[in-house]
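Observations on the three-dimensional arrangement
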Amino acid sequence: MTARIIDGKQVAADMRAELKDEVARLKQQAIVPGLGVILVGEDPASQSYVTAKERACEDIGLYSDDNRLPADTSQEDLMALVEKMNKDPKINGILVQLPLPKGLNEADVLLAIDPAKDVDGFHPMNVGKMVVGEKTFLPCTPHGVIQLLIRSGVKLEGAEVAIVGRSNIVGKPLANMLIQKNATGNATVTVCHTRTKNLAEHTKRADIVIVAAGRPNTVTADMVKDGVVVIDVGVNRVEDATKKSGYRLVGDVDFEAVKEKASFITPVPGGVGPMTITMLLYNTVESAKRAAGL
Ligand code: NAP
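Analysis parameters
- Residues numbered from 1 in each chain as written.
- Predicted model: local features only at pLDDT ≥ 70, side-chain atom pairs only at ≥ 80, totals over all residues.
- Heavy atoms only, no water.
- Near = heavy atom within 4 Å.
- Polar contact = N/O pair within 3.5 Å; in protein donor to acceptor, adjacent residues only side chain to side chain.
- Areas by Shrake-Rupley, 256 points an atom, 1.4 Å probe, with all protein chains shown as cover.
- Nonpolar A, V, L, I, M, F, W, Y, C, P; charged D, E, K, R; others polar.
- Core = buried A, V, L, I, M, F, W, Y, C linked by side-chain atoms within 4.5 Å.
- Buried < 20%, exposed > 50% of the residue type's maximum accessible area, 1.4 Å probe, protein only.
- Helix = DSSP H or I, 4+ residues; strand = E, 2+ residues; numbered from the N terminus.
- Domains from an automatic or database assignment.
- Contact = heavy atoms within 4.5 Å.
- Phe/Tyr/Trp six-rings, centres within 6.5 Å; stacked < 30°, edge-to-face > 60°.
- Lys NZ or Arg CZ within 6 Å of the ring centre and 35° of its normal.
- Axes fitted to C-alpha atoms, helices over the stretch in contact; angles between N-to-C directions.
- Parallel < 35°, antiparallel > 145°, perpendicular 65-115°, else oblique.
- Left-handed = near helix turned anticlockwise from the far one by under 90°.
- Pairing = 2+ DSSP bridges.

Bringing the site of the ligand into the picture now. Taken together, 20 residues lie near the ligand, and R166, S167, T194, V235 and T276 sit nearest. Here an oxygen atom of the ligand and a side-chain polar atom of S167 are 2.5 Å apart. V233 has a polar backbone atom sitting 3.4 Å from an oxygen atom of the ligand. Out of a free accessible area of 930 Å², the ligand has 70% covered by protein chains. Its residues placed into classes, the shell around the ligand shows eight nonpolar, 10 polar and two charged.

A separate point is the nonpolar core. Residues L149, L178, I208 and I210 are the most contacted members of the largest nonpolar core, which totals 51 residues. No other element matches helix α10 (residues 273-291), which puts seven residues into this core. Mapping this core onto the domain boundaries places at least three of its residues in each of domain 1 (30-116) and domain 2 (140-274). Not counting residues up to four positions away in its chain, the partners in contact with I210 are V145, L149, V161, A162, I163, V164, L174, L178, I231 and V233. Judged by nonpolar contacts, the second largest core, of 18 residues, contains A3, M223, V224 and V253.

One pass over the structure, following the stated rule, counts zero aromatic pairs. Stacked on the ring of Y247, the Lys or Arg R237 has its end atom at 4.0 Å from the ring centre. Taking NZ or CZ as reference, R290 lies 4.3 Å from the ring centre of F137, over its face.

The angle between the axes and the distance between the axes are what describe a pair of packed helices. Look at helix α6 (residues 140-151) against helix α7 (residues 171-178): their axes get within 8 Å of each other, and the N-to-C directions meet at 45°. Judged on the interaxial angle alone, α7 and α6 are oblique. By crossing handedness, the relation of α6 to α7 is classed as right-handed. Two secondary-structure elements touch here, α6 through P142, H143, V145 and I146 and α7 through P173, L174, M177 and L178. The class makeup of the residues in the contact of α6 with α7 is seven nonpolar, one polar and no charged.

In this section: the domain arrangement of the protein. According to the domain assignment, the protein contains domain 1 (30-116) and domain 2 (140-274). Measuring from the centre of the C-alpha atoms in domain 1 to the corresponding centre in domain 2 gives 29 Å.

As for its position among the elements, T278 is in helix α10. We classify T278 as buried; its relative accessible area is 0%. Excluding residues within four positions of it along the chain, T278 makes contact with A12, M15, R16 and L19.

Read across the sheet, six strands follow the order β1-β11-β8-β7-β5-β6 without closing on themselves; strand pairing throughout is parallel. With one partner strand each, in any of the chains shown, β1 (4-5) and β6 (188-192) form the two edges of the open sheet. Where β1 meets strand β11 (residues 264-265), two bridges bridge the pair, whose relative direction is parallel. When the sheet's bridge partners are listed, I5 is paired in β11 with I265.

Read from one edge to the other, the open sheet built from three strands follows the order β3-β2-β4, with strand pairing classed as parallel. Each edge of the sheet is formed by a strand with only one pairing partner; in this case those strands are β3 (63-69) and β4 (93-96). In this sheet, adjacent strand axes meet at a mean angle of 15° when their direction is disregarded. Where strand β2 (residues 34-40) and β4 come together, four bridges link them in parallel fashion. Following the sheet pairing, L35 is matched in β4 by G93. Set on the sheet, helix α2 (residues 44-60) makes contact with β2, β3 and β4; between it and β3 the angle comes to about 160°. Against the sheet, helix α3 (residues 75-87) contacts β2, β3 and β4, and its axis sits at roughly 175° relative to β2.

Structure representation (structure tokens):
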């Protein structure tokens with residue numbers, strides 16, 4: 001079997017077109033969803049993520065408030081900016097690009113964000129709501145993974161899912177979402193990590209394997225069953241002398257071999273990546289609707 005490639009760029013483009021229409025309808029009611037973005041320091045990867053997020057806002061008609069601060073910004077100044085955005089009615093979502101430079105306390109900054117504007121879904125109050133199945137902002141990457149599965153027609157109810165990785169931003173929230181008793185859950189989930197005794201035993205049993213380990217070739221063809229659905233969240237730079245940059249991006253899965261066994265698989269790049277920003281836009285639009293009582 002050769003897998004159907006799940007085209008994350010296309011799914012993201014479809015969702016962004018839906019959001020653009022919604023934003024246009026909201027503008028007729030004088031509602032303009034706004035995202036406040038804070039980037040501290042000069043990290044090139046963070047700079048390009050933030051630029052991509054701001055461009056995506058512009059593309060669908062959102063207002064974005066861009067704040068790029070020097071690496072030596074104090075905790076007090078950063079907290080004061082978050083507080084200002086909390087009070088600003090033009091801002092419906094606040095995004096603090098992580099990681100913050102050394103010396104700044106990330107946990108305190110995330111706690112300071114008004115949970116009603118926490119469009120990344122990282123505030124402990126929103127994490128708690130997600131765990132107990134209350135309506136809240138779902139974290140963008142795991143929510144993007146679930147949208148990719150649903151929009152590809154993959155059945156989650158009753159599926160055996162193996163997640164490789166237990167980080168707070170991908171593995172843990174994804175596991176929580178997939179076990180909820182609702183249309184985007186009802187799966188049976190195993191979460192694997194570096195202390196898992198026999199990783200292949202778990203991935204081989206799974207109908208759906210989702211990998212967020214941050215290591216190339218964590219999942220190879222001998223570790224999955226025929227017809228498996230594979231979602232590769234990983235983004236790794238590997239040296240490639242044929243590229244001008246000297247490197248290329250690969251995921252955590254041995255794509256070429258696994259695609260010959262799978263029924264569906266996401267590529268890297270072009271799989272989960274485009275969905276993460278799309279779900280941030282989605283949360284910002286949701287937040288504006290909630291603020292307007294819609
Ligand atoms: P992380 O915080 O480093 O967590 C990695 C997790 O994978 C840990 O739980 C670790 O286990 C587990 N792990 C690592 N190697 C393993 C192995 N050989 N076998 C089993 N488990 C293993 O990473 P993250 O932030 O979740 O990100 C994971 C990957 O996804 C990275 O490549 C990142 O760049 C990518 N990512 C992509 C997007 C996107 O939008 N496309 C968004 C977020 C992250 P322990 O807990 O035991 O250490």
